[in-house]
Structures are given as structure tokens and as C-alpha cells.
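Structural description and commentary
One-letter residues, chain by chain:
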Amino acid sequence: MSAHAADPSLYRDRDVVPVRRALISLSDKTDLDVLAKALDAAGVEIVSTGSTAATIRALGIAVTDVASVTGFPESLGGRVKTLHPSVHAGLLADLRLEDHENQLAELGIKPFELVVVNLYPFKETVASGAQGNDVVEQIDIGGPAMVRASAKNYANVAIVVSRASYPAVIEAVQAGGTSLALRGDLATKAFQHTADYDTAVSGWFAANVATAAGDAPAEASSTDSAFAATVSVAGRLQNVLRYGENAHQPAAIYLDGAASALQSGAGIAQAELLGGKEMSYNNYTDADAALRAAYDFDLPAVAIIKHANPCGIAVDAEDIAEAHRKAHACDPVSAYGGVIAANRTVTLAMAETVKGIFTEVIVAPGYDADALALLQSKKNLRILRLPAGYTRAEQEIKQISGGLLVQAADVFPAGSISGSWQLVAGEAADEATLADLEFAWRACRAAKSNAILLASGGASVGVGMGQVNRVDSCHLAVDRANTLAEGAERARGSVAASDAFFPFADGPAILIEAGVKAIVQPGGSIRDDEVVAAAKAAGVTMYFTGERHFFH
């Protein structure tokens with residue numbers, strides 16, 4: 001505790017602080033010319049480091065090198081520049097206190113009223129694919145120390161960590177000084193900035209240093225070594241949304257700010273809005289679920305999602321428009337007001353079909369120019385373009401009361417996935433039937449458990465999802481297959497996938513009675529023998545996968 005913490009009467013009021021001296025140290029020098037010229041015009045003394053000082057000097061503006069302040073040269077390849085009492089006393093002196101003011105005078109140190117710092121590009125370096133020492137050298141030490149010192153002393157110092165704050169600071173300097181409210185706002189942003197930065201660094205170390213050394217978390221067994229001892233989650237506010245899942249719930253979207261084991265790749269949060277209204281909370285959740293489903297496939301694929309469940313999923317070897325047509329045919333009633341995701345560029349042919357269907361959101365990696373123009377004519381359709389390199393996080397995080405759940409993402413390998421399946425009933429599937437079984441197994445993962453998905457010709461034709469027992473899901477999948485689109489009895493001749501094992505033979509019996517010709521499921525029930533016997537008796541092909549795909 002500070003010696004003065006218990007005696008508030010020693011503090012002198014200080015609202016507006018004139019800026020006489022500024023310390024500037026920047027990795028990203030964008031708009032530095034604007035800031036430096038404004039400070040110089042206001043008669044502010046500028047102290048700076050290395051390349052930042054050289055840039056300011058090249059503008060014809062007087063600048064004092066930090067080495068002249070410290071009496072010590074920048075050393076160790078730039079690792080040591082500002083870590084010196086002559087700098088930090090000037091940052092931390094609380095001039096509301098008379099003895100701090102007197103000590104600065106005795107030491108011959110002048111205070112700073114403005115500090116402008118942005119940190120080494122650590123996250124950008126990680127994102128570039130750099131490894132090892134190349135990443136370590138982008139861990140800023142002096143920068144965060146200056147930021148935190150200045151933010152702590154916000155009563156006297158304005159700390160700027162983003163060029164977005166330059167206009168407000170320039171205006172304040174020109175008006176006679178920074179206000180306490182402005183300095184407090186800047187300090188809040190500064191602490192958020194360093195917290196984000198530290199999260200990125202600690203996350204990278206957890207994923208690349210501790211694991212490389214074979215160190216398991218101190219309180220975990222060696223089998224848990226894929227998980228760090230601590231998890232930090234950071235985000236940067238991107239937008240306040242109109243509301244959350246319901247109108248009475250405030251909501252916002254944050255961009256992932258952690259370069260860690262939980263780091264998301266470029267995804268729905270970074271997608272560019274090319275047309276239509278602003279995204280809502282539910283739009284984001286459904287669009288992310290649609291992307292997750294579409295990108296489970298190597299072939300051109302389209303997923304149509306409503307309330308995080310699939311109305312239809314389909315693939316086509318050549319034509320994304322045909323994939324959309326088949327996906328929509330699965331359940332055109334539910335697709336009304338749905339969200340569409342494609343894993344290929346949207347063509348004019350696909351856009352022409354989408355235009356005639358009320359759709360909330362369409363998201364894809366790209367759009368042909370004529371397709372985009374057509375879609376943009378629908379003023380309420382939200383059109384999103386994914387950033388390059390869409391990826392899913394290797395690990396997923398979910399908040400629960402009092403804690404967090406972390407798990408490896410449920411993803412499928414590229415290429416064929418049936419090589420490890422076990423044929424337990426009927427004849428081995430022919431090539432076309434096996435392709436449909438593989439499709440159904442991938443697509444079934446996108447439906448909430450308990451899930452049953454019927455497929456034919458590379459498209460879902462009936463989906464039963466989110467039921468509390470598997471029998472109801474079987475009934476629902478069959479009913480949807482036979483009633484929701486033209487061409488009754490779509491269940492007959494289709495294949496079926498179940499996201500988890502059948503606990504009894506009653507579920508398969510419903511599918512078999514409807515005319516399903518082949519079933520793929522994980523197996524593993526204590527009544528597997530009964531389930532397999534029912535398939536054998538009906539002459540239906542059945543495969544066990546040995547793994548399940550629950551989705552809650």
C-alpha cells in the first residue's frame with residue numbers, strides 16, 4: 001500500500017492536465033506524422049525511442065532520444081531502452097502529492113503528461129506462421145511496463161495505445177490539456193490492451209513451450225497434457241447488437257483477442273457484410289452452425305440452418321447451385337427465414353434460386369460479381385463474405401456456471417472416412433450407397449442430439465433432431481422425409497445415420513419399416529446384438545463406426 005493511501009487529504013485536485021512533455025514509442029507508426037505535428041505545434045516536448053525518434057526527426061520535428069534522458073544507450077539489440085528510473089519516475093510521479101513533486105525536483109527528472117505506445121506485433125507474428133525465437137523476440141517488455149505505469153497514474157498521465165484515440169487527444173492538447181475523464185477512459189483501454197497482449201503471449205507459451213518440453217499441468221495427470229493449467233479468454237468489442245436471443249437481453253459481439261490454444265481462426269466474427277441489415281445475435285449463432293456444417297465436406301456443399309439445426313444439407317461434385325437446390329428440397333417449409341452457408345463461391349445460378357426464397361443470411365467464401373449484384377437487390381438479405389483462411393478452433397470453450405468447459409473440436413478428416421467402419425449386417429454397400437452413408441454420417445453431426453439423418457444422392461432428405469429419445473428422432477426423420485417436399489416416400493431407398501448408438505431395436509425398426517436400405521451408427525450398446533439381428537432379418541446393411549457425434 002502507498003504511504004499516502006490512508007490519507008486522502010494529501011491529494012490535490014487535478015482535472016485538466018496541460019501536456020508539456022510526451023513520450024512516444026511505436027511499432028505501428030501509422031498516423032504518427034499527424035500526431036507529432038500536432039504536438040509540435042502545441043509546443044510539446046517529444047521524447048522518443050529508436051526508429052520512432054528517427055521517423056519524427058525526418059518530419060523536421062525536434063525530438064529528444066530516450067537515451068539522452070536515461071544517460072544509458074539502447075542496448076541488447078533494443079531489448080533495453082526505456083526500463084530506467086529517469087523514464088519510469090516521470091511516468092509514475094503522482095503530482096497531486098507534494099512530496100512526489102519535490103522528489104522529482106531533487107532527482108532532476110521531468111514528468112510526462114502524455115505517453116503514446118503500441119506494442120511489438122506479437123499476435124501478427126504468430127499469425128504469420130513464425131516459430132520459436134522469431135516469436136519470442138516479439139514479446140514486448142518495456143512497452144507494457146510504460147503502458148501500465150502510465151495507466152496506473154492516469155490522474156496525471158494520458159496513455160494512448162491506439163491511433164483511434166489520436167483525434168481526441170490532439171483536440172484535448174490544443175484545448176489546454178487532457179481531462180480526468182479522458183485520461184480514465186484511455187487508462188481503461190490501456191489495461192484492456194495489455195491484458196489482451198499478455199493473454200496472447202501466455203496462450204502461445206502454453207501451446208508451444210510447455211507442451212514442447214513435455215510438461216503437463218501441475219495439477220493434472222500426464223494424460224491431460226493437451227490442456228494448459230490455466231485458460232485466459234480475451235476479446236475486443238466489435239459491435240453492440242440490437243439484442244440477444246430475445247429482445248429483453250442486451251448483447252454484443254467480440255472479436256477473439258487471444259492467440260492461444262483456444263484461438264479461433266478467421267471465422268464468422270470476421271466476415272464482411274456485403275449487403276443487408278446488421279447481423280443479430282441469432283444470425284451469428286445460426287450462421288456459425290451453417291458454416292460448421294458446410295465445411296465438414298470436401299465437395300462443394302450447402303447447409304441451410306434454422307435455430308442451429310439443419311433444414312437441409314447437400315453436396316454436389318461440380319455445381320454449388322445444385323447442392324443448394326438439393327439442400328433446400330429437404331425441408332423447404334423450415335428453410336423459410338433460414339441461414340445458408342456454402343463452402344464454395346456462390347454462382348449466379350445459385351443466387352437466382354436463393355433470391356426467390358426468404359432467407360435471413362447467406363455466407364460464403366466469395367461471390368461471382370453477377371451473383372452478388374443479384375443478391376444485393378434483396379435489401380433485407382444479410383450477405384457475408386468469409387475472410388481468407390476460414391478455420392475452426394482446435395479447441396472449443398463453453399461457459400457454465402462457475403467455470404468453463406474446454407474440448408477438442410469435433411472434426412472429420414479429409415477424404416474417405418469409411419475405411420475403419422465395421423460391417424455388422426447385410427451386404428457390403430455398393431459405391432453409391434457407401435458415398436451416401438459417408439455423407440449422412442458427416443451431415444448427422446450438424447444436427448442436435450438425439451439425431452437421425454436420412455440421405456439420398458448426396459443430400460439429406462429427412463432429419464430428426466433434438467429429441468429426448470432416439471425413437472422420436474427416427475419417427476421425425478421419416479415423417480419429414482415423406483411429407484415435407486414433393487415426392488412422397490423419400491425415406492424408401494435412402495440411407496440413415498444415427499449420431500449415437502441405438503439402445504434398442506425399436507429405432508432401427510422404424511427406419512427399416514420406412515424402407516431405409518442401409519444404416520450407419522457408432523455401435524456400443526449392450527443390446528447391439530438385438531439391433532444387428534433386426535437389420536439382418538430385414539436384409540438391411542449396417543455399419544458400426546466406433547465413434548459418436550453428440551452435439552448439444
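Residues numbered from 1 in each chain as written. Predicted model: local features only at pLDDT ≥ 70, side-chain atom pairs only at ≥ 80, totals over all residues. Heavy atoms only, no water.

1. Topic: the sheet that holds strand β2 (residues 45-48)
Across the sheet, 5 strands lie side by side as β3-β2-β1-β4-β5; this open sheet has parallel pairing. Only two strands of the sheet have a single partner each, and these edge strands are β3 (64-65) and β5 (158-160). As paired strands, strand β4 (residues 114-118) and β5 are joined by 3 bridges and run parallel to one another. Note on β5: the bridge partner recorded for V116 is V160. Contacts between helix α2 (residues 50-58) and the sheet are confined to β1 (21-26), β2 and β3, with β2 contributing the most and set at about 140° to the helix. (Pairing = 2+ DSSP bridges. Helix = DSSP H or I, 4+ residues; strand = E, 2+ residues; numbered from the N terminus. Contact = heavy atoms within 4.5 Å. Axes fitted to C-alpha atoms, helices over the stretch in contact; angles between N-to-C directions.)

2. Observations concerning the environment of F551
Following the sequence through the fold, F551 ends up in the segment after β21 (541-544). The exposure class assigned to F551 is buried, which follows from its relative accessible area of 16%. Discounting chain neighbours no more than four positions away, the residues touching F551 are R292, A308, R445, A446, A447, K448 and S449. (Buried < 20%, exposed > 50% of the residue type's maximum accessible area, 1.4 Å probe, protein only.)

3. Digging into the packing of helix α12 (residues 320-330) against helix α14 (residues 348-355)
The description of two helices packed together rests on the angle between their axes and the distance between the axes. Here α12 crosses α14 at 25°, and the two axes come no closer than 7 Å. Classified by the angle their axes make, α12 and α14 are roughly parallel. Handedness of the α12/α14 crossing: left-handed. Contact residues: α12 offers I320, A321 and H324, while α14 offers A349, M350, T353 and V354. When its residues are assigned to classes, the contact of α12 with α14 shows 5 nonpolar, 2 polar and no charged. (Parallel < 35°, antiparallel > 145°, perpendicular 65-115°, else oblique. Left-handed = near helix turned anticlockwise from the far one by under 90°. Nonpolar A, V, L, I, M, F, W, Y, C, P; charged D, E, K, R; others polar.)

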